[in-house]
Amino acid sequence: MRYGIHLPHAGEQAVPALIRRHAERAEDLGIADVWVSEHIIVPRAKFPRSPLFFDPVLSLTWAAAVTKRIKLGTSVLVLPMRHPLPLAKELATLHNFSEGRLILGAGSGWLKEEFSALGVPFEERGRRLEEGIAMMRAVWSEDPVTFETRYISAEIKELTMTPMPVSQIPLWFGGSSEPALRRTIRIGDGWHGSGLSADEAAPIVRRLRAARPEADFTISMRVQWDGQDRGVLRALVDGYAAVGVEHLLVAPQDRNVDDWEKVTDGVGSLVA
């Protein structure tokens, strides 16, 4: 089992100094990776307590600058909300600046109001996600690049875009819906689930592993823990390991009140 932690880049404790401190601490403890999540703009009624989210790519760049080894992940970027070309440049730049440490966790999103604010059709999010990924992979690997689009407004004919990533950026899909799982099997490098118990995840893990038996296809889960009872954390680890999960991202149960130091140190104790 490999372990990651969520950085405090969202919620009431989100400050640059804490993002830096936890990234450095996680690396010192031998934790495999650090993660951030994403919302761009949200309804106040649905986020009554501090809806602060720092930008995920910039937050990881901040963490990358003070670390050397630890991987840097997104849990998850809502790709259909963004135009793929500037995002592809930002991600390739981060990947290269960090010497190949980025893991791109991606999903289709769920918050309709956010899509409306950004002028993106919510009903097309799955199709835009797949087209956007194909576009990013094209500009990351072809020079010049020509790419025909159906859903995203773009005219790309014999163009060039740099930088290209220094290595392939692993793509882990979130989501447990049928379309999300089919997408993961077809074009993903891993699955990054959340909100499922070990028993609920077990049939999904079996299905994914049967379809994608490659050793470099990663099965990951995002779980929550309040940093108090390490026995509870150990039980979570054992339960997910028993059904074939290979990587756990541990986030606070409540990012506004939980002790991030205890969460980080608790995950570090698993590595030790």
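Residues numbered from 1 in each chain as written. Predicted model: local features only at pLDDT ≥ 70, side-chain atom pairs only at ≥ 80, totals over all residues. Heavy atoms only, no water.

> Can you help me understand helix α9 (residues 260–271) in this one?
Residues spaced three or four apart along an α-helix face the same direction, because each turn holds 3.6 residues. Along its 12 residues, α9 runs 17 Å from first to last C-alpha, staying within 8% of the 16 Å computed at 1.5 Å per residue. The complete set of buried residues in α9 reads W260, V263, T264, G266, V267, G268 and L270. In this structure, the buried residues of α9 make contact with β1 (2–6), α1 (16–28), β10 (218–225), α8 (230–242) and β11 (247–252). Among the residues of α9, the N-terminal cap falls to D259, whose side-chain oxygen and the backbone nitrogen of E261 are separated by 2.9 Å. (Helix = DSSP H or I, 4+ residues; strand = E, 2+ residues; numbered from the N terminus. Expected span 1.5 Å × (residues − 1). Buried < 20%, exposed > 50% of the residue type's maximum accessible area, 1.4 Å probe, protein only. Contact = heavy atoms within 4.5 Å. Polar contact = N/O pair within 3.5 Å; in protein donor to acceptor, adjacent residues only side chain to side chain.)

> Looking at this structure, I do not really get the pairing of strand β5 (residues 102–107). What am I missing?
Sheet faces and side chains relate simply in a regular strand, where the side chains alternate between the two faces. Counting buried positions along β5 gives six out of six residues, so the element sits mostly inside the fold. Judged by which residues are buried, β5 turns out to be covered on both faces: L102, L104 and A106 on one side and I103, G105 and G107 on the other are all buried. As judged from the two bridges shared by strand β3 (residues 71–74) and β5, these two strands associate in the parallel manner. The residue bridging G73 from the neighbouring strand is I103, located in β5. Of the strand pairs in this sheet, β5 and strand β8 (residues 171–173) are connected by three bridges, and their pairing is parallel. Along β8, the bridge assignment pairs A106 with F173. (Pairing = 2+ DSSP bridges.)

> Mind showing me how you'd approach the pattern of salt bridges here?
In a structure, side chains of opposite charge can pair up when their charged atoms sit close to one another. Under the criterion given, the structure shown has 17 salt bridges. A salt bridge links E24 to R20; the shortest N-O distance between them is 3.4 Å. Placement of the pair is E24 and R20 together in helix α1, with a separation of four residues, close to one helical turn. Here E124 and R128 are joined by a salt bridge, their closest N and O atoms 3.9 Å apart. (Salt bridge = Lys/Arg side-chain N within 4 Å of Asp/Glu carboxyl O.)

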